Structure formats: C-alpha cells, structure tokens
Amino acid sequence: MALSIRLPMPVAREVLADAWLAVIARHGTLRTAFVPGPDGDPELYEIDIGPGAWAEHEIAAGQAVNDALRVVLDSYCSPYRRPSHRLCVLETAAGLTVVIAADHSHVDMWSLLVLARDLLSMLTKAKDGQPLEAGRAPAFVEHTQALIELLDVGGVPDHVRHRWADIINDSGGVMPRFPLPLGAPEPQPERVEVRDVFDLDDGAAFAAQARDDGVSTLALAVVAMTAVTRELAGTPLRAVFPVHSRFDHNWHDSVGWFITNSVLESAVAEPRAAAAAVKEAVQLGSWPLADVLAPWGGMPVAPGMFAISWLDLRRLPVRIDAAGLRAHTVSATIKTDGVMLWFILDESGLHLRCRYPDTVEARRNVGTWLDLLVARLQSNARSSVRGLLRVSGRTFRVERARRDDVAAIAALLSDDEFGPIRETAELERYEAAYDVVVRNESNYLGVVLNGADRIVATMQLTVIPGLTRGGSTRLQIEGLRVAAAERSRGLGTAMLEWAHDYGRAHGAQLAQVTTDEVRERARAFYRKHGYETGQVGLKRRL
C-alpha cells in the first residue's frame, strides 16, 4: 500500500534522501525484513539501512504514470524484500509528488500517515537548518511482545473462544463470506468500485441521526448493511471486521501492522442492536488470534470471504493536510476471490471503495448490494433529525434543493415587496443559476418542506474563507424567504438558527447578511437575532 503527497516546497533529492533516512532511523519497523524460516513460516530480522542512490525509472511511451509506478512498487514492496518499502518521487513541472510505499504485511494505513507526517517534519527541519533528528518511536515488535505477555497473564477468555466458534460455524466452518454468488470460486482479476456516499453536509446529517439514536456513525452504517443483506440474501450480516490494536497512546506514533481481524455479526437492522454487534466485534478482535483460531489450524479462509473496514481519518491522532498536500492512496492490483469493502470518513464526507472478482455474477450481485446500500445510506442522511425544524408544535424539514425545486424557489423569491421588479426572469435563467450554484461546494441552497412535503421557505448559505479578521471564515446568508402563510410564526427564526449551526460546522466564526435599507421589518428581524449594522455595504451593476 502507498500514499502519495504533493510536496509544498521545492526539495533537492539529496535533502529528501536525508530526511527519509532520518524517518527510517526513527521507526524500527522500517529496519526489519521477513525471511522464510526452516518450516516455511516467515521470521522477522533486523536489517541495516544506510545511504543509497536514486534509481530513475523511465515511463514508456503510452504508459500511464500510475502503471509505471505500480510496476516499481510491485517489485520492491513485497513481504520478503530487504527492505520492503520504497520512497518514490514523481518529478513534473508542477512540482514534486512523493510516494511512500511499503508491503502491507509491515504497515497499515495509520502508519502511512505517520510516515508522511514525519517526512514532512524532517523536510521542515532541513529547510530551517535544524538537525534531522527525532525521538525513537516504539517498534511494532514491542507491541507484539506486549500481546504475548497479555496471553501469559490469563489467556483468551472462554466466552471469546465460544463466540468465534459460533460465528465461524454459522458461516459454514470458514470465515464469513459474501452472502450472494460471486461466480467461479477461484481468484479472478479484480474489479474496484469507488462511490462518494456523502458530502460534508450529508455526513453531518447522518452523524446527527446516529447521535439522536444514541449510537456511533459506524453502528448506523451497520444498520443499513444489515437491512440490505436481509433484503437481498435473507441472512444476517456477517463479515470479517479489521480492528486496530493501538488502544494505548504509546503506539500512536509507531509504524507497523496494528490491525487484527475480528468478525462482525449483525442480525437485526436496528441502531442499538447494531451498536452491540460493533462492540462485540471490537471485543473479539482485542485478543491475539493465533490461539483463538488454533482449532481450525489458523484462519479458515475460503473463496468469497467478505471483509468490511471502517476508517474515520478525522478521529485519528495523526493528521496531515490531505487536501493541501493532494494526498491519495495507491493500491496494488491483484486477483481476488472475495469481497473487500472500505469505508473512509474524511473532511469531505464518506467514501466507499469495494474490490471484488470481475465476474458477471459478482458485478451483478455486489453491484446491486452496493447500489442498495448507498441509496439507503443517502436516504438516511436526507431524513436525519439534523434537518428537522420544530416550530410551535409543527415539524418542518430543511433539505438541499434539487433542480425540480427551482420553480418553487423562484416563486418564493418573487413573493415580496421587490419581487415584481427584480424577480422577472424566465425559469430557464433560474435553472441555469441553480446549476452554477450547486457546482460550487461552498454553497448550500436549501428548501424547507412542511408536513405535506410542500416547499414553504428557502435560503442560500455560502461559506467564505478569507484572510481578514485574523483569517476568519464567514457564513453569508442570502435569499431567506418564507411563504406568506408561514410568516411571523417562528419559521424564519428556526431557519436562521439552523443556518448558524451549519456555519459553525463548516468552521465559520462570523455570519453576515445583507438586506435593503427600506426593508425595515427584515432589518428588525436580524437585529433581534444579534446582527449589528456596524458596516455599510455598497453595490453597483456590472
């Protein structure tokens, strides 16, 4: 696995090499290699790594950059290479892109973030003329030793062994498999699908619903997966469930394979039941598996194995500026006979990546499962309590406007004292403006629906980052209109409060609104809610 980042400053190759050697010196895992033992099982040894030389790899005519890079990484980042990691640089006119890559048996995704952070730290030290030194991070072998000592103290509890046995037996004596046919049960070329499930706003709505249900975002996603599995296959959701083992902060800055496989079984599509299933999976994965899986001679893998990974990058104690560095993961291309599903939560929302065998059956069955899952998750976000406005015993809902809503929005805009003068354009003009507004992710064009699902209000929110006021981000509120039948009943106030929460969630420290001087009622409304007329706004036609 690999992570690419665009360096924020020009760096000489020699400086980059020195910085990478300093990172290797900090992390003992990068100075280890696997060697086949006498019985064929891998054994870990420490190796010496010193200064070397850059090797240039030409990109052949017609060859994609990613394909050329994958050839290099496939060659050097394998379990028995010494070392099994590489630092690659893509040199273009736009700047340097660095790729940090390692064999997956040595590192996890968290580790790649640690390596990227530490490399950037070393480059900053080099730029400032400081020594390229950092404290030693605990090595993964020390973590392994701690787990062995845990077993020596009391061993794996019987209830953990019994629960593992129940789930494996219910899966036919093997690890859980995808519940629908995948075609021929041998490795096939992979097919990878990537779906953007939520943007930032829908992600916040989904999380708000989870909080209202008293569960985690993961648990609410498990509810959706359970329901989809029941609907399509008539079985509980069962899957291999990787969990991290960095429970102690001592390992947060370490590099290694801090992942253990657990099993998740969810039979009821209900938040509390799903939360209990997730909790159980974490507990089952808290013990070294060698002893647990001994009755099966190790992990009983079979074709069709189904695994679900959940990674919330926002909650990791290790962070990099992913957007500013244009960070991207780079994965190996493999043959597979199972289904691997990754959920990744980051600052832009929830993303899904799925790898499965490229067969006709798998395309149909996994594709249908994914389609239904994404639709259900998005529906849950749209119906979230985050969008609810409760006003005088009545309930309204705030939703992102759709193109079909443009006519209703235009009607609301025109239904005021200046509407007959300003809002006279044809509907096509409003629809064209809608297309421009929604393409800019800084905008939120909202509509408010009443209990009969009729649009009774609208507003446009725009998040504006800036350098003034110490780099403050502002929330601009425009076009707040309420239908005549709903005015002076508290709906406008509820909308304004919702808008303020939206702004805070997007990092805004200041809300601003403009209105005509002659709109005395509107000005009084905003003053009542804390808005001050401390500045004068000027406009002119262009």
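Model, not experiment: these values are computed from the prediction. Every chain's residues receive numbers from 1 upward, in the order its sequence appears when written. Per-residue local features of the predicted model are confined to residues with pLDDT of at least 70, and side-chain atom pairs are confined, for both listing and counting, to 80 or more; whole-chain, interface and lining totals are unaffected and use all residues. Values reported for side chains reflect all heavy atoms of the structure, with hydrogen atoms and water molecules removed beforehand.

1. Here's the deal with the packing of helix 6 (residues 200–213) against helix 10 (residues 360–382)
Then, in step 1: One way to put it is that helix 6 packs onto helix 10 with a least axis distance of 8 Å and a crossing angle of 75 degrees. By the angle between their directions, the pair helix 6 and helix 10 is classed as roughly perpendicular. Packed against helix 6, whose contacting residues are D202, A205 and F206, the element helix 10 presents L377, N380 and A381 at the interface.
Then, in step 2: For this classification, the nonpolar set comprises Ala, Val, Leu, Ile, Met, Phe, Trp, Tyr, Cys and Pro, the charged set comprises Asp, Glu, Lys and Arg, and every other residue, Gly included, is treated as polar. Residue composition of the contact of helix 6 with helix 10, grouped by class: four nonpolar, one polar and one charged. Axes here refer to lines fitted to C-alpha atoms; in helices the fit is confined to the stretch in contact. Angles between the N-to-C directions go from 0 to 180 degrees. Secondary structure elements follow DSSP: runs of H or I no shorter than four residues count as helices, runs of E no shorter than two count as strands, and numbering proceeds from the N terminus. Roughly parallel refers to an angle under 35 degrees, roughly antiparallel to one over 145, roughly perpendicular to one between 65 and 115, and oblique to any angle outside these ranges. We call two residues in contact whenever any of their non-hydrogen atoms come within 4.5 Å of each other.

2. What to know about unusual backbone geometry
Then, in step 1: Residue P83 is reached from R82 by a cis peptide bond, and omega for that bond is 0 degrees.
Then, in step 2: Relative to the elements of secondary structure, P83 occurs in the loop between helix 2 (65–76) and strand 4 (85–92).
Then, in step 3: Even without glycine at this site, S392 takes up a positive phi of about 50 degrees.
Then, in step 4: Along the chain, the position of S392 falls in the loop between strand 14 (388–391) and strand 15 (394–400).
Then, in step 5: Although it is not a glycine, D453 sits at a positive phi angle of roughly 65 degrees.
Then, in step 6: Following the sequence through the fold, D453 ends up in the loop between strand 16 (443–449) and strand 17 (455–464).
Then, in step 7: When a residue's accessible area, from a 1.4 Å probe over protein chains only, is under 20% of the maximum for its type it is buried; when over 50% it is exposed; and in between it is partly exposed. Residue classification places D453 among the exposed residues on the basis of a relative accessible area of 61%.

3. What to know about the sheet that holds strand 17
Then, in step 1: Reading across the sheet, the six strands line up as 14-15-16-17-18-19 and stay open at both edges, with mixed pairing between neighbours. Bordering the open sheet on either side are strand 14 and strand 19 (510–513), each of which pairs with just one other strand. Mean inter-strand twist for the sheet, computed between neighbouring axes without regard to direction, equals 25 degrees.
Then, in step 2: Paired strands, in this sense, are two strands between which DSSP finds at least two bridges. By the bridge criterion, four bridges tie strand 14 to strand 15 in an arrangement that is antiparallel. Across the sheet, residue L388 finds its bridge partner in strand 15, namely R397.
Then, in step 3: Packing against the sheet, helix 11 (residues 406–414) makes contact with strand 16, strand 17 and strand 18 (474–482), and its axis sits at approximately 90 degrees to strand 17.

4. Focus: the side chain of S111
Then, in step 1: Checked against the element boundaries, S111 lands in helix 3 (residues 109–127).
Then, in step 2: With relative accessibility at 0%, the residue S111 sits in the buried group.
Then, in step 3: Polar contact is defined as a pair of N or O atoms within 3.5 Å, subject to the rule that within protein one atom must be able to donate a hydrogen and the other to accept it, and that residues adjacent in sequence are counted only when both atoms are side-chain atoms. A polar contact is formed between the side chain of S111 and the backbone oxygen of G256, at a distance of 2.9 Å.
Then, in step 4: If we ignore the near neighbours within four places in the chain, the residues touching S111 are R246, S254, V255 and G256.

5. Digging into the pattern of salt bridges
Then, in step 1: By salt bridge we mean one thing: a side-chain nitrogen of Lys or Arg within 4 Å of a carboxyl oxygen of Asp or Glu. Under the criterion given, the structure shown has 31 salt bridges.
Then, in step 2: Taking the shortest distance from any N to any O, the salt bridge between E520 and R523 comes out at 3.8 Å. Of this pair, E520 and R523 are both found in helix 16 (residues 520–528), three residues apart, which corresponds to roughly one turn of the helix.
Then, in step 3: Note on E520: relative accessible area 44%, which makes it partly exposed.
Then, in step 4: Given the relative accessible area of 24%, R523 is considered partly exposed.
Then, in step 5: Shared partners join several salt bridges into a network, and the residues in it are R26, R117, D118 and D253.

6. Examining the sheet that holds strand 1 (residues 2–6)
Hydrogen bonds between backbone groups are what pair the strands of a sheet, and the pairing can be parallel or antiparallel.
Then, in step 1: Here four strands make up an open sheet; going across it, the order is 4-5-1-10 and the pairing antiparallel. The open sheet has two edge strands, strand 4 and strand 10 (328–330), and neither has a second partner. Ignoring which end each strand starts from, the neighbouring axes of this sheet average 25 degrees apart.
Then, in step 2: Note that strand 1 and strand 10 share three bridges and pair antiparallel. In the strand pairing of strand 10, A2 is matched with V330.
Then, in step 3: Here helix 1 (residues 13–26) sits on the sheet and contacts strand 4 and strand 5 (95–102); the angle it forms with strand 4, its principal contact strand, is near 155 degrees.
Then, in step 4: Contacts from helix 2 reach strand 1, strand 4, strand 5 and strand 10 within the one sheet, and its direction differs from that of strand 4 by about 160 degrees.

7. Here's the deal with the nonpolar core
Then, in step 1: One finds L341, F343 and W369 to be the most contacted residues of the largest nonpolar core, which totals 45 residues.
Then, in step 2: The biggest single contributor to this core is helix 7 (residues 217–233), with nine residues.
Then, in step 3: In this structure, L341 is in contact with M225, F306, A307, I308, S309, L352, R353, C354, W369 and L370, ignoring residues within four places of it in sequence.
Then, in step 4: By size, the runner-up hydrophobic cluster in this structure holds 34 residues, among which are A19, L113, L119 and L325. Grouping buried Ala, Val, Leu, Ile, Met, Phe, Trp, Tyr and Cys residues that are joined through side-chain atoms within 4.5 Å yields what is termed a nonpolar core.

8. Some details on the pairing of strand 4
Then, in step 1: Here strand 4 pairs with strand 5 via eight bridges, running antiparallel. Bridge pairing links T92 to G95 in strand 5.
Then, in step 2: With antiparallel pairing between neighbouring strands as the criterion, strand 4 and strand 5 make up a hairpin whose turn holds two residues.

9. Some details on the packing of helix 15 (residues 491–505) against helix 16
Then, in step 1: At their nearest, the axes of helix 15 and helix 16 sit 11 Å apart, and the two run at 50 degrees to each other. In terms of their interaxial angle, helix 15 and helix 16 are classed as oblique. As for how helix 15 packs across helix 16, the hand of that crossing is right-handed. Judged by residue contacts, G492, T493 and L496 of helix 15 engage F525, Y526 and K528 from helix 16.
Then, in step 2: Across the contact of helix 15 with helix 16, the residue classes tally to three nonpolar, two polar and one charged. Handedness of a crossing is defined here by the sense of rotation of the near helix relative to the far one, left-handed for an anticlockwise turn of less than a right angle and right-handed for a clockwise turn.

10. Thoughts on the confidence of the model for the protein chain
Then, in step 1: Known as pLDDT, the predictor's per-residue confidence is scaled from 0 to 100. Averaged over all residues, the pLDDT of the protein chain equals 92, while 99% of them reach at least 70.
Then, in step 2: The spread of mean pLDDT over the elements of the protein chain runs between helix 12 (residues 419–422), the lowest at 75, and helix 7, the highest at 97.

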